[in-house]
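Summary of structural features
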Amino acid sequence: QVQLAESGGGLVQAGGSLRLSCAASGSIFSISAVGWYRQAPGKQRELVADIDRGGSTNYADSVKGRFTISRDNAKNTVYLQMSSLKPEDTAVYYCKLVVSGMAYWGKGTLVTVSS
């Protein structure tokens, strides 16, 4: 069983930055695809960014140029560097890991961007 633990959320003013971290248990992190999703109140969960085992990345259009996803396989951790934050980025951010056809989710971390 893979466990994921997100951290780094909080309250930030518009234009500010935050870095989210997601640490995974187990030894399968390096062969996994990992991503960040978010869910705002009253909205569906949506993909923010993901990164495959080879390091290729994919971003939602709404965050391109502002957010950067990266991974450190030695630390079993994926990061989301968020800059130029906007009030519409306010959401619970979830980490997702996919390996061998199985998907695992973290419990989420709340990001609130004030105007």
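Structure shown above.
Below you will find a few notes about this structure. From a predicted model like this one, the values you see are computed outputs, not experimental measurements.

Here we look at the overall build of the chain
Along the backbone of the chain there are zero helices and 11 strands. For the chain, the succession of helices and strands along the chain, N to C, is β-β-β-β-β-β-β-β-β-β-β. Radius of gyration (C-alpha) of the chain: 13 Å, near the 13 Å computed for a compact globule of 115 residues. If one aligns the C-alpha atoms of the chain with their principal axes, the spans along those axes are about 40 × 25 × 20 Å. When contacts within the chain are restricted to residue pairs at least 6 apart in sequence, those whose partners lie at least 24 apart make up 54%.

Observations regarding the state of the cysteines
On inspection of all chains with the given rule, the structure shows one disulfide. One disulfide bridge connects C22 with C95, the sulfur atoms lying 2.2 Å from each other. Its S-S torsion of about -85 degrees marks the bond between C22 and C95 as left-handed, since a negative value means left-handed. With a gap of 73 residues between them, C22 in strand β3 (residues 18-24) and C95 in strand β9 (residues 91-99) connect regions that are remote in the sequence. Residue C22 shares its accessibility class with C95, and that shared class is buried.

Structural notes on the nonpolar core
The biggest cluster of nonpolar side chains holds 31 residues, and the ones touching the most others in it are W36, V78, L80, M82, Y93 and L97. Of all the secondary structure elements, the ones that give two or more residues to this core are β3, β4 (33-39), β5 (46-51), β7 (67-72), β8 (77-82), β9 and β11 (109-114). Ignoring sequence-local partners within four residues, the contact set of L97 consists of V2, L4, A24, I28, F29, S32, A33, V34, M102, A103 and Y104.

What counts as what
- Residues numbered from 1 in each chain as written.
- Predicted model: local features only at pLDDT ≥ 70, side-chain atom pairs only at ≥ 80, totals over all residues.
- Heavy atoms only, no water.
- Helix = DSSP H or I, 4+ residues; strand = E, 2+ residues; numbered from the N terminus.
- Rg over C-alpha atoms; globule rule 2.2 N^0.38 Å.
- Contact = heavy atoms within 4.5 Å.
- Disulfide = S-S within 2.5 Å.
- Buried < 20%, exposed > 50% of the residue type's maximum accessible area, 1.4 Å probe, protein only.
- Core = buried A, V, L, I, M, F, W, Y, C linked by side-chain atoms within 4.5 Å.

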